[in-house]
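Overview (structure and organization)
Below, each chain spelled out in residue letters.
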Amino acid sequence: KHLSSTGQLACASCHLLDRSFADSVPIAQNVFGPNKRKAPRLVNMAWQPFMFWDGRQPTIAAQAQDASHNELGIVVTNAITYLQNDSVYSRLFKEAFGRPGTVTEHEIYLGIQEFLMTVISVNSRFDSIQRGQAQFTPEESDAFNNIFLATKGECFHCHAYGSNFLMANYAPGFTFRNDGLQAAATLNDFQDAGRGAITGVETDNGLFKNPSLR
């Protein structure tokens with residue numbers, strides 16, 4: 001929390017460990033007030049091609065920097081001073097990045113990136129079933145085969161199944177989809193333009209990154 005401008009907000013304030021690093025409320029709160037969207041889940045990010053719902057950052061470190069400034073309101077000089085003056089953090093930065101152990105803004109975000117690359121989900125009960133080590137109940141099998149993988153549910157179009165263990169379609173042209181949460185008469189009437197606000201392409205308005213079902 002010391003890295004936020006108010007000293008009251010940490011990454012874990014919105015990315016809750018007991019909720020798979022996601023939030024418990026529809027709209028996240030940052031140091032400036034309500035955010036525009038729900039905080040995204042921070043699991044299996046190492047395999048994701050874009051960060052944030054609108055895909056505005058290409059790497060985890062860039063996401064960490066973006067969130068630090070726009071959600072935590074980080075004052076970089078204050079954050080560096082705090083970390084350098086803390087005996088535990090100064091030692092850990094030296095161990096991680098070598099001598100002389102000077103803390104830099106880049107190393108803060110790189111450290112967050114390295115941590116988040118360890119947040120991996122690959123051994124759920126679903127995985128055990130796919131490996132033949134467990135079985136669906138009849139109800140689960142019916143839902144998976146006749147709803148999830150069928151046109152009845154249409155789930156598989158955005159949440160690809162098979163070689164894509166993330167269960168999210170990040171193939172070119174499929175990464176960003178209209179989630180159906182906003183009503184808009186035209187492409188220019190979305191209250192939240194999503195991907196379109198980043199690319200400036202009209203047909204990207206109202207599109208958001210497919211969430212992984214991990």
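See the structure above.
Residues numbered from 1 in each chain as written. Predicted model: local features only at pLDDT ≥ 70, side-chain atom pairs only at ≥ 80, totals over all residues. Heavy atoms only, no water.

Some points on the nonpolar core
Put simply, the rule is: Nonpolar cores are built from buried Ala, Val, Leu, Ile, Met, Phe, Trp, Tyr and Cys residues. Side-chain atoms within 4.5 Å join them into one set. Whether a residue is buried, partly exposed or exposed follows from its accessible area with a 1.4 Å probe, protein chains only, as a fraction of its type maximum: under 20%, in between, or over 50%, in that order. Under the scheme used here, helices are H or I runs from DSSP no shorter than 4 residues and strands are E runs no shorter than 2 residues, and both carry numbers assigned from the N terminus. A contact between two residues is defined here by any heavy atoms of the two lying within 4.5 Å.
Counting eleven residues, the largest nonpolar core consists of Ala61, Ala64, Ile74, Val76, Ala79, Ile80, Leu83, Phe93, Val103, Ile108 and Tyr109. The dominant element in this core, judged by the number of residues it contributes, is helix α3 (residues 76–85), at four residues. If near-sequence neighbours (up to four positions away) are discounted, Phe93 is found in contact with Leu83, Gly98, Gly101, Val103, Glu107 and Ile108. One finds Met45, Met51, Ile60 and Val119 within the second-largest nonpolar core, a separate group that totals nine residues.

Here's the deal with the environment of Asp54
Quick note on the threshold: Under this definition, polar contacts are N or O atom pairs within 3.5 Å; protein pairs additionally need one hydrogen-donor-capable and one acceptor-capable atom, and for neighbouring residues in sequence, both atoms have to be side-chain atoms.
Secondary-structure assignment places Asp54 in the loop between β2 (33–34) and α2 (60–70). For the pair Asp54 and His157, spaced 103 residues apart in sequence, the C-alpha separation works out to 19 Å. When neighbours within four sequence positions are excluded, Asp54 is seen to be in contact with Arg37, Phe176, Gly194, Arg195 and Ile198. At 3.1 Å, the side chain of Asp54 forms a polar contact with the side chain of Arg56.

Overview of the layout of surface pockets
As a reminder, the rule being used: Points on a 1 Å grid over protein atoms alone make up a cavity when a 1.4 Å probe fits among them but cannot get out, and a pocket when they form an open set with protein on both sides within 12 Å along at least five of seven lines; lining residues each have an atom within 4 Å of a point. Grid points are joined across faces, edges and corners, and a volume is the space filled by probe spheres set on the points. Under the scheme applied, nonpolar residues are Ala, Val, Leu, Ile, Met, Phe, Trp, Tyr, Cys and Pro; charged residues are Asp, Glu, Lys and Arg; polar residues are all the others, including Gly.
Of the volumes computed, that of the second largest pocket is approximately 430 Å³. Around the second largest pocket, the lining comprises 18 residues; the ones closest to its centre are Trp53, Asp179, Leu181, Phe208 and Lys209. Within the lining of the second largest pocket, the residues separate by chemical class into seven nonpolar, four polar and seven charged.

Observations regarding α3
The test is simple: This arc is built from the directions going out from the helix axis to the C-beta atoms.
For α3, the full list of buried residues reads Val76, Ala79, Ile80 and Leu83. Within α3, the buried residues cover an arc of 95 degrees as seen down the axis, which keeps them to one side. Exposed side of α3, more than 90 degrees from the buried face: Thr77, Asn78 and Asn85 are the residues found there. Contacts from the buried residues of α3 go to α2, α4 (87–97) and α5 (105–116).

Quick look at the packing of α3 against α5
When two helices pack together, their arrangement is captured by the angle between the axes and the distance separating the axes. Keep this limit in mind: Note on method: axes are straight lines fitted to C-alpha atoms, helices fitted across the in-contact stretch only, with angles between N-to-C directions ranging 0 to 180 degrees. In these notes the angle categories are as follows: under 35 degrees is roughly parallel, over 145 is roughly antiparallel, 65 to 115 is roughly perpendicular, and the rest is oblique.
It is the contact of α3 with α5, at a shortest axis distance of 10 Å, that shows an interaxial angle of 75 degrees. In terms of orientation, α3 and α5 fall into the roughly perpendicular class. Of the residues in α5, those in contact with Val76, Ile80 and Leu83 of α3 are Glu105, Ile108 and Tyr109. Looking at the contact of α3 with α5, its residues break down into five nonpolar, no polar and one charged.

Quick look at the pattern of salt bridges
This is how it is decided: The term salt bridge refers to a side-chain nitrogen of Lys or Arg lying within 4 Å of a carboxyl oxygen of Asp or Glu.
If you walk through the whole model with that rule in mind, you get eight salt bridges. Note that Asp192 is salt-bridged to Arg37, the shortest N-O span being 2.8 Å. Here Arg37 lies in the loop between β2 and α2 and Asp192 lies in the loop between β3 (176–178) and α9 (195–199), a separation of 155 residues in the sequence. Grouping residues by exposure puts Asp192 and Arg37 together as buried. Arg91 serves as the salt-bridge partner of Glu95, at 3.1 Å between the closest nitrogen and oxygen. Residue Glu95 and its partner Arg91 are both found in helix α4; the two are separated by four residues, about one turn of the helix.

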